[in-house]
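Overview (structure and organization)
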Amino acid sequence: MKWVNDVMIHERKVAGILCEAVLALESSTSAAFVIGVGLNLDTAQFPDALKQVAGAISDTPIDRNALAASLIDHIMQRAKDYQLAISYQRIESFPQ
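All values derive from a computational prediction rather than experimental measurement.

What to know about the overall build of the protein chain
Check the secondary structure of the protein chain and you find one helix and three strands. N-terminal to C-terminal, the α/β element order of the protein chain is β-β-β-α. Sequence-distant contacts in the protein chain: of pairs separated by 6 or more residues, those separated by 24 or more amount to 28%. Accessible surface for the protein chain amounts to roughly 8,100 Å². Of this, 59% is attributable to carbon and sulfur atoms.

Here it is as structure tokens:
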């Protein structure tokens, strides 16, 4: 059950992350990034078969809306950082 996209805590899978880049056919550059995140929020609902290999990010209930808002804020900030880095690289590549 360990894959490179698994997030583990205490040797138990608590989340999985999938990322995909969509390429622009004409330029072979990234046209979009797709990110999928699956989180085990709490341990209350695990079937017996998964209790030994699966974990959760909390032992108590979590406000799903607050968590989603926080994740989106962090992802958007990283996207802005990425765009700034790309812009900086373009500026640096101009002949002086």
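Focus on the pairing of strand 2 (residues 12-23)
Direction of pairing for strand 1 (residues 6-9) relative to strand 2: antiparallel, over a ladder of four bridges. Bridge pairing in strand 2 links valine 7 to alanine 15. Once strand 1 ends, the chain turns through two residues before running back antiparallel as strand 2, passing histidine 10 with a positive phi of about 50 degrees. Pairing geometry for strand 2 and strand 3 (residues 30-39), over nine bridges, is antiparallel. By the bridge assignment, glycine 16 is partnered in strand 3 with glycine 38. Linking two consecutive strands that pair antiparallel, namely strand 2 and strand 3, is a turn of six residues; a positive phi of about 55 degrees is found at serine 28 within it.

Brief notes about the pattern of salt bridges
Pairs can form between side chains of opposite charge whenever their charged atoms are close. Summed over all chains, the structure comprises three salt bridges. Put simply, aspartate 48 and lysine 51 hold a salt bridge, and the shortest N to O gap is 3.3 Å. Across the salt bridge formed by arginine 78 and aspartate 81, the nearest N and O atoms sit 3.3 Å from each other. Placement of both arginine 78 and aspartate 81 in helix 1 (residues 64-93) is noted, with a separation of three residues, approximately one turn of the helix. Overall, the relative accessible area of 48% leaves arginine 78 in the partly exposed class. Taking the relative accessible area as the measure of exposure, aspartate 81 reaches 33% and is therefore partly exposed.

A few points about the sheet that holds strand 1
Across the sheet, three strands lie side by side as 1-2-3; this open sheet has antiparallel pairing. At either end of the open sheet lies a strand with only one pairing partner, and these are strand 1 and strand 3. Taking each pair of neighbouring strands and ignoring which way they run, the sheet shows an average axis angle of 20 degrees.

Considerations on unusual backbone geometry
Located in the positive-phi region is histidine 10, a residue other than glycine, with phi close to 50 degrees. Relative to the helices and strands, histidine 10 resides in the loop between strand 1 and strand 2. Judged by relative accessible area, which is 74%, histidine 10 ranks as exposed. The backbone phi angle of glutamate 11 is positive, close to 60 degrees, even though this residue is not glycine. Here glutamate 11 lies in the loop between strand 1 and strand 2. A relative accessible area of 68% means that glutamate 11 is categorised as exposed.

Rules and cut-offs
- Residues numbered from 1 in each chain as written.
- Predicted model: local features only at pLDDT ≥ 70, side-chain atom pairs only at ≥ 80, totals over all residues.
- Heavy atoms only, no water.
- Helix = DSSP H or I, 4+ residues; strand = E, 2+ residues; numbered from the N terminus.
- Contact = heavy atoms within 4.5 Å.
- Areas by Shrake-Rupley, 256 points an atom, 1.4 Å probe, with all protein chains shown as cover.
- Pairing = 2+ DSSP bridges.
- Salt bridge = Lys/Arg side-chain N within 4 Å of Asp/Glu carboxyl O.
- Buried < 20%, exposed > 50% of the residue type's maximum accessible area, 1.4 Å probe, protein only.
- Axes fitted to C-alpha atoms, helices over the stretch in contact; angles between N-to-C directions.

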